[in-house]
Amino acid sequence: LGIAGVWLVYRLSFESSRRYRSRGGAAPRRVIIVGAGEAGSLLTREMVRRDHGYRVVGFVDDDPLKWGTRIQGIEVVGGTDDLVEIVRHLGAHEIIIAILSAGPEALRRIVGQCQGIDVPFKVLPGIGEVLAGDVGPGRVRELRIQDLLGRDPISLALPELGADVGGKTVLVTGA
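Undergrad: Explain the pattern of salt bridges to me, please; I cannot follow it from the model alone.
TA: Once the charged atoms of two side chains with opposite charge are near each other, the side chains can pair. Counted according to the given criterion, the structure contains four salt bridges. Between R109 and D62 there is a salt bridge, with its nearest N and O atoms 2.7 Å apart. Taken together, the positions of R109 in helix α4 (residues 104-115) and D62 in the loop between β2 (54-60) and β3 (70-71) put the pair 47 residues apart, joining distant regions of the chain. You can call D62 partly exposed: its relative accessible area is 38%. Salt-bridge contacts for E94 lead to K122; the nearest nitrogen and oxygen are separated by 3.7 Å. Of this pair, E94 sits in strand β5 (residues 94-97) while K122 sits in strand β6 (residues 121-123), and the two are 28 residues apart along the sequence. The same class applies to E94 and to K122, which are both buried. Each of R29, E94 and K122 takes part in a single network of salt bridges with overlapping partners.

Undergrad: Quick question: what am I supposed to make of the nonpolar core here?
TA: In summary, soluble globular proteins display a tendency toward joint burial of nonpolar side chains. Residues I32, V34, L83, V87, I95, I97 and C114 are the most contacted members of the largest nonpolar core, which totals 19 residues. For this core, the secondary structure elements donating two or more residues are β1 (29-34), β2, α3 (83-90), β5, α4 and β6. Not counting residues up to four positions away in its chain, the partners in contact with L83 are V34, V60, I95, C114 and I117. Core analysis: the second largest hydrophobic core is formed by 15 residues, A39, Y54, V76 and A98 among them.

Undergrad: Help me understand the packing of aromatic side chains, please; the structure alone is not making it clear to me.
TA: The way to describe two aromatic rings as a pair is by their centre distance and the angle between their planes. Tallying each qualifying case throughout the model produces one aromatic pair. Aromatic pair W7 and Y10: ring centres 5.7 Å apart, planes at 85°, arrangement edge-to-face. You can see W7 and its partner Y10 sitting in helix α1 (residues 2-20), three residues apart, about one turn around the helix. By relative accessible area, which is 48% here, Y10 ends up partly exposed.

Undergrad: In this structure, what is going on with the environment of A92? I would like to understand it.
TA: Its place among the elements puts A92 in the loop between α3 and β5. Since its relative accessible area comes to 7%, A92 is described here as buried. C-alpha of A92 to C-alpha of R30: the two residues are 62 residues apart in sequence and 4.8 Å apart in space. Discounting chain neighbours no more than four positions away, the residues touching A92 are R30, I32, V87 and V119.

Undergrad: What should I look at first to understand the sheet that holds β1 in this one?
TA: Each strand in a sheet pairs with another by means of backbone hydrogen bonds, the pair being arranged parallel or else antiparallel. The strand order across the open sheet built from six strands is β3-β4-β2-β1-β5-β6, with neighbouring strands paired in mixed fashion. Each edge of the open sheet is held by one strand with a lone partner, namely β3 and β6. Packed onto the sheet, helix α2 (residues 38-49) meets β1, β2, β3, β4 (74-78) and β5 and runs at close to 155° relative to β2. Each of β1, β2, β4 and β5 is contacted by α3, which is oriented at about 155° to β1, the strand it contacts most.

The rules behind each value
- Residues numbered from 1 in each chain as written.
- Predicted model: local features only at pLDDT ≥ 70, side-chain atom pairs only at ≥ 80, totals over all residues.
- Heavy atoms only, no water.
- Salt bridge = Lys/Arg side-chain N within 4 Å of Asp/Glu carboxyl O.
- Helix = DSSP H or I, 4+ residues; strand = E, 2+ residues; numbered from the N terminus.
- Buried < 20%, exposed > 50% of the residue type's maximum accessible area, 1.4 Å probe, protein only.
- Core = buried A, V, L, I, M, F, W, Y, C linked by side-chain atoms within 4.5 Å.
- Contact = heavy atoms within 4.5 Å.
- Phe/Tyr/Trp six-rings, centres within 6.5 Å; stacked < 30°, edge-to-face > 60°.
- Pairing = 2+ DSSP bridges.
- Axes fitted to C-alpha atoms, helices over the stretch in contact; angles between N-to-C directions.

And the structure:
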């Protein structure tokens, strides 16, 4: 128990010192993670262990049972409906959406709430990359149209299409 206690104190002090250390003299970016599940926990653990220039200041999740709990020592502060107030209160610089199970409809709702806030937002990549162990701040990316569609986008051969409909009146539906 004594040896385990020494290692626990060492690890906690090491990780907490890295959490608050700045990167290259600049203050770390304050981040809120939407999604207090496994992906959010893995992402936070990676941010704490290595200095990526991010500091997670809170989690947001729509499951009220998670509110008030702590993940990696960081509190789940509320739901996505309160995102505007939470960002303002915590002074966040960025939002990262880390909900792998969110379908296109849920993702559109969360993105709609993020657009009402004047901070950039990014998403964690798909479940395949996360299962392969590719979770980390370097894998967080800008939102793509495929994330909201729930399918691959359809690409058209525009030169051939122009030749087919050139000079004709065309009605486009579903655009």
